[in-house]
Amino acid sequence: MSTSIYTFFKRRDEIRGRFSFDQFYTLVIIYLTVMTGFGIFYFLLSQQGIPLLDEGHLLGTSQWDRLGHAIYFSGVTLMTIGYGDITPIGIGKFIALFESMIGYVLPAAFFVRVLQDYRK
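Here we summarise the structure given alongside this text.

How each quantity is defined
- Residues numbered from 1 in each chain as written.
- Predicted model: local features only at pLDDT ≥ 70, side-chain atom pairs only at ≥ 80, totals over all residues.
- Heavy atoms only, no water.
- Axes fitted to C-alpha atoms, helices over the stretch in contact; angles between N-to-C directions.
- Helix = DSSP H or I, 4+ residues; strand = E, 2+ residues; numbered from the N terminus.
- Parallel < 35°, antiparallel > 145°, perpendicular 65-115°, else oblique.
- Left-handed = near helix turned anticlockwise from the far one by under 90°.
- Contact = heavy atoms within 4.5 Å.
- Nonpolar A, V, L, I, M, F, W, Y, C, P; charged D, E, K, R; others polar.
- Expected span 1.5 Å × (residues − 1).
- Core = buried A, V, L, I, M, F, W, Y, C linked by side-chain atoms within 4.5 Å.
- Buried < 20%, exposed > 50% of the residue type's maximum accessible area, 1.4 Å probe, protein only.
- 1 Å grid on protein atoms, 1.4 Å probe; cavity = no way out; pocket = protein on both sides within 12 Å on 5 of 7 lines; lining within 4 Å.
- Points joined across faces, edges and corners; volume = space filled by probe spheres on them.

Observations regarding the packing of helix α3 (residues 21-47) against helix α4 (residues 63-78)
Between α3 and α4, the shortest axis-to-axis distance is 8 Å and the interhelical angle comes to 130°. With respect to α4, the element α3 is oriented oblique. Two packed elements cross with a definite hand, and for α3 against α4 that hand is right-handed. Only Gln63, Arg66, Leu67, Ala70, Ile71, Phe73, Ser74, Gly75 and Leu78 of α4 make contact with α3, whose side of the interface consists of Tyr31, Val34, Met35, Phe38, Gly39, Ile40, Tyr42, Phe43 and Gln47. The class makeup of the residues in the contact of α3 with α4 is 12 nonpolar, 5 polar and 1 charged.

Pasting the structure below:
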């Protein structure tokens, strides 16, 4: 850990050469877009009466509550945290599985891109 701190403060120019803030911001925007997109997808499917989550989390009192629960579940799934407070059921399991796979692939793609840019 001390080596990392030393490297960060003493060798900033070399670090900047390897790390692209533009690519990092792009990764964050992609994560937010995927999270919001899947959240809206969960929300819209629940509006059609398709059960996706247990305990009726998408059957809340208001539209905003339901949308909030859907985006929260999407974020927890995408980041593969899985708190366990909301569990997918039915077709929601497969959608959540696909979303979590995207959550694993995005950082790997980001790393490969940074590595390719560094080698150029």
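A word on α4
With 16 residues, α4 should cover 22 Å at 1.5 Å per step; its first-to-last C-alpha distance of 22 Å lies within 8% of that length. Those residues of α4 that are buried are in contact with α3 and α5 (91-119).

Points about the nonpolar core
Counting 19 residues, the largest nonpolar core has Tyr42, Leu52, Phe73 and Ile95 as its most contacted members. Among the secondary structure elements, those contributing two or more residues to this core are α3, α4 and α5. If one sorts the elements of this core by residue count, α3 sits on top with 8 residues.

Description of the side chain of Ser100
The topology assignment puts Ser100 in helix α5. Ignoring sequence-local partners within four residues, the contact set of Ser100 consists of Thr77 and Thr80.

Some remarks on the layout of surface pockets
There is about 180 Å³ of room inside the largest pocket. For the largest pocket, the lining is made up of 15 residues, of which Phe73, Thr77, Gly82, Ile86 and Pro88 are closest to its centre. Here the element with the most residues in the lining of the largest pocket is α4; it accounts for 4 residues.

Considering α3
In this model, α3 (27 residues) spans 39 Å end to end at C-alpha, consistent with the 39 Å of a helix rising 1.5 Å per residue. When we look at burial in α3, the residues that qualify are Gln23, Leu27, Tyr31, Val34, Met35, Phe38, Gly39, Tyr42, Phe43, Leu45 and Ser46. Phi turns positive one or two residues past the end of α3, at Gly49, with a value near 85°.

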